[in-house]
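Read off the chains here:
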Amino acid sequence: MTSRKRSCLFNIEWTRRAEYREWLTSAGQFQDRARCRLFDKTFDIGNMGISAIVSHGKSNKHMNILKQRIDVAASVRGARAKYHEHLESVKKQKGQEVADASRKRKQEQLAEIVDKRRRLETDTTALEINADKLYEQAENSSKLTLLAKANALRRGAKCKRIEMKKLDDEIAAFKTE
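Residues numbered from 1 in each chain as written. Predicted model: local features only at pLDDT ≥ 70, side-chain atom pairs only at ≥ 80, totals over all residues. Heavy atoms only, no water.

**A short note on the nonpolar core**
- Ranked by internal contacts, the top residues of the largest apolar core, which has 14 residues, are Trp-23, Leu-24, Phe-43, Ile-45 and Ile-53.
- If you list the elements that add at least two residues to this core, you get β2 (30-36) and α1 (50-58).
- If we ignore the near neighbours within four places in the chain, the residues touching Phe-43 are Trp-23, Leu-24, Arg-33, Ala-34, Arg-35, Cys-36, Ala-52, Ile-53 and His-56.
- Within the second largest apolar cluster, five residues are counted, among which are Ile-113, Leu-120, Leu-167 and Ile-171. (Core = buried A, V, L, I, M, F, W, Y, C linked by side-chain atoms within 4.5 Å. Buried < 20%, exposed > 50% of the residue type's maximum accessible area, 1.4 Å probe, protein only. Helix = DSSP H or I, 4+ residues; strand = E, 2+ residues; numbered from the N terminus. Contact = heavy atoms within 4.5 Å.)

**Brief notes about unusual backbone geometry**
- Its identity as a non-glycine residue notwithstanding, Ser-142 has a phi of 60°, on the positive side.
- With respect to the helices and strands, Ser-142 occurs in the loop between α2 (60-141) and α3 (144-176).
- Under the relative-accessibility criterion, Ser-142 is labelled exposed at 62%.

**As for α2**
- Taking 1.5 Å per residue, 82 residues should reach 122 Å; α2 reaches 120 Å between its end C-alpha atoms and fits that length.
- Residues of α2 that are buried: His-62, Ile-65, Ile-113, Arg-117, Leu-120, Thr-124, Leu-127, Ala-131, Leu-134 and Ala-138.
- Buried residues along α2 sit in contact with β2, α1 and α3.
- Following α2 by one or two positions, Ser-142 adopts a phi angle in the positive range, close to 60°. (Expected span 1.5 Å × (residues − 1).)

**A closer look at the pairing of strand β1 (residues 24-27)**
- Pairing geometry for β1 and β2, over four bridges, is antiparallel. Its bridge partner lying in β2, Thr-25 is registered against Arg-35. (Pairing = 2+ DSSP bridges.)

**Some thoughts on α1**
- Of all the residues in α1, the buried ones are Ala-52, Ile-53, His-56 and Gly-57. Angularly, the buried residues of α1 cover 135° about the axis, an arc narrow enough to put them on a single face.
- Check the buried side of α1 and you find it contacts β1, β2, β3 (41-44) and α2. (Arc of directions from axis to C-beta.)

**Examining the pairing of β3**
- By the bridge criterion, four bridges tie β2 to β3 in an arrangement that is antiparallel. Its bridge partner being in β3, Arg-33 is matched across the sheet by Asp-44.
- The antiparallel pairing of β2 with β3 creates a hairpin that spans four residues between the two strands, and Asp-40 there sits at a positive phi of about 50°.

**Here we look at the packing of α2 against α3**
- It is at 8 Å that the axes of α2 and α3 come closest, and there the two elements cross at 160°. With respect to α3, the axis of α2 lies roughly antiparallel. Once α2 is placed against α3, the crossing between them reads as left-handed.
- Residues of the contact of α2 with α3, tallied by class, amount to 18 nonpolar, seven polar and 14 charged. (Axes fitted to C-alpha atoms, helices over the stretch in contact; angles between N-to-C directions. Parallel < 35°, antiparallel > 145°, perpendicular 65-115°, else oblique. Left-handed = near helix turned anticlockwise from the far one by under 90°. Nonpolar A, V, L, I, M, F, W, Y, C, P; charged D, E, K, R; others polar.)

**Re the side chain of Thr-15**
- Structurally, the position occupied by Thr-15 is in the segment before β1.
- Overall, Thr-15 belongs to the buried group, its relative accessible area being 17%.
- A polar contact is formed between the side chain of Thr-15 and the backbone oxygen of Ile-12, at a distance of 2.6 Å.
- The residues contacting Thr-15, other than those within four sequence positions of it, are Phe-10, Arg-21, Leu-24 and Thr-25. (Polar contact = N/O pair within 3.5 Å; in protein donor to acceptor, adjacent residues only side chain to side chain.)

**Observations regarding the environment of Ser-102**
- Mapping Ser-102 onto the fold places it in helix α2.
- With 52 residues separating them in the primary sequence, Ser-102 and Arg-154 have C-alpha atoms 40 Å apart.

Written out as C-alpha cells, the structure is:
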C-alpha cells in the first residue's frame, strides 16, 4: 500500500488572526506556501500547515525584525507627537503675531485720529481768533465785508467743532474696544 503525502493549503483565515495579521500573507499562486511580509520570505506550509507559520513566527530572525518594527513605530509616534507640538506652537505664535499686528494697527489708527483732532482744534482756535479780530475791525470801521468774513470764519470753526465731536466719539469707541 502506498501512503499519500499529506498536503496542507494556505487558509486565508490565518491572516485575520491578531498574531499573524501584521506579517502573514498568501504566496500568490502557490497554495502550499505562505509569505512573511516583514522580510519578504516565502516558506513551505505543505507538510506542517499552521505549525510552519507558528514556527516561522517564533524564529529569532522574525522576532528581531518584529521588535525593530515596533521600536521604529514607537519612534515615529514620538516624532509625530513632537512635530504636532511644534505645529501647534507655530500656530499659536502666528495667532499672537496677528493679534499684536491688529493691536498695533488700532493704536496707530487711534494716534492718527487723536492727531487729526489736535490739528482741527488748532485750526478752530485760529479761525475763532481771526473771526474775533475781524469783528473788532468791523465794529471799529463799520465795514460789512469784514463782518461777512468774520461770520464765514465762525461757520468754518463751527463745522470743525462738529468734526471734532465726531472724532471724540471715534476716540471713545477705540478706547472701549
